[in-house]
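A look at the structure
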Amino acid sequence: MTFETAGGARPYVIEVHGKEVTVQDTMVAGFMYRIELESQLGTAARVVQCFEAWTRLQHEGPASLHGLELDHAASWLQAHQQARQQAKQFFLSPSGKTFVLRLYQ
């Protein structure tokens, strides 16, 4: 299931993946995850910047990133972990569910 913001104002969407995902999981937990991410990272542009750095790090390794990109990747990981921890309490049944950020193409 997917949580999208009104009017598509953000360049990404938060998806909830797992077994038996409910509307509450998507609308409440997904919303809380996004709010936590943005409160820690700032603007939607910074969320994307940090997420892209983390994705590059995962696919290409640390040698492909320069210092600032490594900082962005570390910021993403920390924000993601904290946001996930805060938001997962809103799942009706948290077993096997996760949050996925998908960028609009």
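Keep in mind that what you see is a predicted model, and the values were worked out from it rather than measured.

Quick notes on the packing of aromatic side chains
We describe a pair of aromatic rings using the distance from one ring centre to the other and the angle between the two ring planes. What the rule picks out here adds up to three aromatic pairs. Judged by centre distance (5.1 Å) and plane angle (70 degrees), the ring pair of Phe51 and Trp76 falls under edge-to-face. With a gap of 25 residues between them, Phe51 in helix α2 (residues 44-60) and Trp76 in helix α3 (residues 67-87) connect regions that are remote in the sequence. Take Phe51: its relative accessible area is 16%, and that puts it in the buried class. A relative accessible area of 4% means that Trp76 is categorised as buried. A ring pair is formed by Phe91 and Phe99, whose centres lie 5.0 Å apart and whose planes are at 15 degrees; its orientation type is stacked. Judged by its relative accessible area of 4%, Phe99 falls in the buried class.

Side note on the nonpolar core
Among soluble globular proteins, nonpolar side chains are generally buried collectively. Ranked by size, the top nonpolar core spans 20 residues in total, and within it Tyr33, Leu37, Trp76, Phe99 and Leu101 carry the most contacts. Where this core is concerned, the elements lending two or more residues are β2 (12-17), α1 (23-41), α2, α3 and β3 (98-103).

So, the pattern of salt bridges
Proximity of charged atoms lets side chains of opposite charge pair with each other. Scanning the model with the defined rule gives six salt bridges in all. Between Arg102 and Glu15 there is a salt bridge, with its nearest N and O atoms 2.6 Å apart. Highlighted residues: Arg102 in strand β3 and Glu15 in strand β2, separated in sequence by 87 residues. Two residues, Asp25 and Lys97, come together in a salt bridge whose shortest N-O distance is 2.4 Å. With a gap of 72 residues between them, Asp25 in helix α1 and Lys97 in the loop between α3 and β3 connect regions that are remote in the sequence. There is no split in this pair, since Asp25 and Lys97 are both buried. Linked through salt bridges whose partners overlap, the residues forming this network are Arg10, Arg34 and Glu38.

So, the pairing of β3
Covered by surrounding structure in β3 are Phe99, Leu101 and Leu103 only, the residues Thr98, Val100 and Arg102 on the alternate face being uncovered. Two elements, β2 and β3, share six bridges in a ladder whose sense is antiparallel. By the bridge assignment, Tyr12 is partnered in β3 with Leu103.

Cut-off values and rules
Residues numbered from 1 in each chain as written. Predicted model: local features only at pLDDT ≥ 70, side-chain atom pairs only at ≥ 80, totals over all residues. Heavy atoms only, no water. Phe/Tyr/Trp six-rings, centres within 6.5 Å; stacked < 30°, edge-to-face > 60°. Helix = DSSP H or I, 4+ residues; strand = E, 2+ residues; numbered from the N terminus. Buried < 20%, exposed > 50% of the residue type's maximum accessible area, 1.4 Å probe, protein only. Core = buried A, V, L, I, M, F, W, Y, C linked by side-chain atoms within 4.5 Å. Salt bridge = Lys/Arg side-chain N within 4 Å of Asp/Glu carboxyl O. Pairing = 2+ DSSP bridges.

Purely geometric stuff here, so don't read any function into it on its own.
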